[in-house]
Amino acid sequence: MGRFDTTPEATADVGQPTPTLSEGPYFKPGSPEESSLVENGSGAQRLLIAGRVLTTGGQAISGAKLDFWQADENGVYDNGGCRYRGHQFSQQDGTYRLETVLPRVYTGRTRHIHVKVSANGMRELTTQLYFPGEPGNAGDRIFNERLLLTNLQQSGNTLEGSFDFVLAPG
Ligand code: FE
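What counts, and at which threshold
Residues numbered from 1 in each chain as written. Predicted model: local features only at pLDDT ≥ 70, side-chain atom pairs only at ≥ 80, totals over all residues. Heavy atoms only, no water. Helix = DSSP H or I, 4+ residues; strand = E, 2+ residues; numbered from the N terminus. Buried < 20%, exposed > 50% of the residue type's maximum accessible area, 1.4 Å probe, protein only. Donors = N, O, S within 2.8 Å, 3.2 Å for Na, K, Ca; no water. Tetrahedral: all angles 85-135°; square planar, octahedral: opposite > 155°, others 65-115°. Phe/Tyr/Trp six-rings, centres within 6.5 Å; stacked < 30°, edge-to-face > 60°. Lys NZ or Arg CZ within 6 Å of the ring centre and 35° of its normal.

1. Quick notes on the environment of Arg 97
Working step 1: With respect to the element layout, Arg 97 can be found in strand β4 (residues 95-101).
Working step 2: The class of Arg 97 is partly exposed, set by a relative accessible area of 35%.
Working step 3: In the structure, Arg 97 is positioned 58 residues away from Glu 39 in sequence and 16 Å away in space, judged by C-alpha atoms.

2. Describing unusual backbone geometry
Working step 1: The backbone of Tyr 84 shows a phi angle near 55 degrees, a positive value even though the residue is not glycine.
Working step 2: Take Tyr 84: it is sitting in the loop between β2 (65-69) and β3 (85-89).
Working step 3: According to the relative accessible area criterion, Tyr 84 is buried, its value standing at 1%.
Working step 4: Located in the positive-phi region is Asn 151, a residue other than glycine, with phi close to 55 degrees.
Working step 5: Position of Asn 151 relative to the elements: it lies in strand β7 (residues 150-155).

3. Observations concerning the coordination of the iron ion
Working step 1: Those donors, Tyr 77 (OH), Tyr 106 (OH), His 112 (NE2) and His 114 (NE2), are the protein atoms that reach the iron ion, and they lie 1.9 to 2.2 Å from it.
Working step 2: For the iron ion, the 4 donor atoms in the first shell make angles of 91 to 158 degrees at the metal, a pattern classed as irregular.

4. Quick look at the packing of aromatic side chains
For any two aromatic rings, the description comes down to two numbers: the centre-to-centre distance and the angle of the planes.
Working step 1: Evaluated as defined, the whole model comprises 7 aromatic pairs.
Working step 2: For the pair Tyr 77 and Tyr 106, a centre-to-centre distance of 5.4 Å together with 80 degrees between the ring planes defines the contact as edge-to-face. Of this pair, Tyr 77 sits in the loop between β2 and β3 while Tyr 106 sits in the loop between β4 and β5 (112-118), placing them 29 residues apart in sequence. There is no split in this pair, since Tyr 77 and Tyr 106 are both buried.
Working step 3: A network of ring pairs unites the aromatic residues Phe 68, Tyr 96, Phe 163 and Phe 165 as a single cluster.
Working step 4: It is Lys 116 that lies over the ring of Phe 27; its NZ or CZ is 4.8 Å from the centre.

Next up, the structure:
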């Protein structure tokens, strides 16, 4: 049993919505519904991010749409297709689980993953998740420590981290 077999503890700063961050140039609408973005046969470092979608009052939000996009293991976004782009919906208990690979750092930024989170009656959140311990964090001009993955650790061949999204009322 891994530690994501049970409902993760709330780690978000519940009470305050998750900070927004710029969308950047590489968002594309129409990503596939897919919670695993890992390509067959990929030798890249596996990354698992899990957590919940919550209201500022700490209530779980089910059916929230989480749309992730990121650079691949070579630091490249797929702007023609849908590699490392995918959306999923939070479960009844607000949980989500993204299986992907560690994005390579690309010039001008520290390591990050983009996401949009939306739910009925809530303000759409566009933000980016950061990795603790990255040398580039301090020099990233839009870095926000409240957007760091928590509990990041290597488990077998997978790097596992947590993040809870807190949505503001719409
Ligand atoms: Fe980016």
